[in-house]
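In case you want the letters, here they are:
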Amino acid sequence: MKNQVTSIYKQAERFAEITKKSIICGNIVRAKKCLALAERLFISGSIETKNAISNVYVFSVSSFMEMRHCNISHLFPQTLKAEYIKQVNTSGV
């Protein structure tokens, strides 16, 4: 079980890297497709998948976008955007 969870988190990390590279290259269509897939996984996935998407993917992509002063409101799907807002409010930023 531990190896499976590590694998899920590593996959979420790799998926976030793909999304960030798409944004860097200006391939917003691909980035939106990645974000839409992440949203589907977050909505319909297992508890481990939801945790990986929330704690690794959303955190990584949103942190990256904030550092580059990107507007996330039009890129993030509704559920992921709500998860991002929840993270920001929890952190006290």
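In the block above lies the structure referred to throughout.
All values reported here derive from a predicted model rather than from experimental measurement.

Student: Before we go on, may I ask you to explain the packing of aromatic side chains in this structure?
Tutor: Think of a pair of aromatic rings as described by two things: how far the centres are apart, and how the planes are tilted against each other in angle. This model, assessed by the stated rule, comprises 2 aromatic pairs. Consider the rings of Phe15 and Tyr57, whose centres lie 5.0 Å apart with planes at 25 degrees: the pair is stacked. Separated by 42 residues along the polypeptide, Phe15 in helix 1 (residues 2–24) and Tyr57 in helix 3 (residues 47–67) bring together distant segments of the chain. Judged on exposure class, the residue Phe15 and its partner Tyr57 are both buried. A ring pair is formed by Phe76 and Tyr84, whose centres lie 6.1 Å apart and whose planes are at 40 degrees; its orientation type is tilted. Given the relative accessible area of 5%, Phe76 is considered buried.

Student: Honestly, the pattern of salt bridges in this entry has me stumped. Any pointers?
Tutor: Opposite charge on two side chains permits pairing when their charged atoms draw close. Tallying each qualifying case throughout the model produces 2 salt bridges. A salt bridge links Lys20 to Glu17, with the shortest nitrogen-to-oxygen separation between them at 3.0 Å. Placement of the pair is Lys20 and Glu17 together in helix 1, with a separation of 3 residues, close to one helical turn. Residue Glu17 is classed as partly exposed on the basis of its relative accessible area, which comes to 36%. With a shortest N-O distance of 3.5 Å, Glu83 and Lys86 are connected by a salt bridge. Highlighted residues: Glu83 and Lys86, both in helix 4 (residues 78–91), separated by 3 residues, approximately one helical turn.

The rules we used
- Residues numbered from 1 in each chain as written.
- Predicted model: local features only at pLDDT ≥ 70, side-chain atom pairs only at ≥ 80, totals over all residues.
- Heavy atoms only, no water.
- Phe/Tyr/Trp six-rings, centres within 6.5 Å; stacked < 30°, edge-to-face > 60°.
- Helix = DSSP H or I, 4+ residues; strand = E, 2+ residues; numbered from the N terminus.
- Buried < 20%, exposed > 50% of the residue type's maximum accessible area, 1.4 Å probe, protein only.
- Salt bridge = Lys/Arg side-chain N within 4 Å of Asp/Glu carboxyl O.

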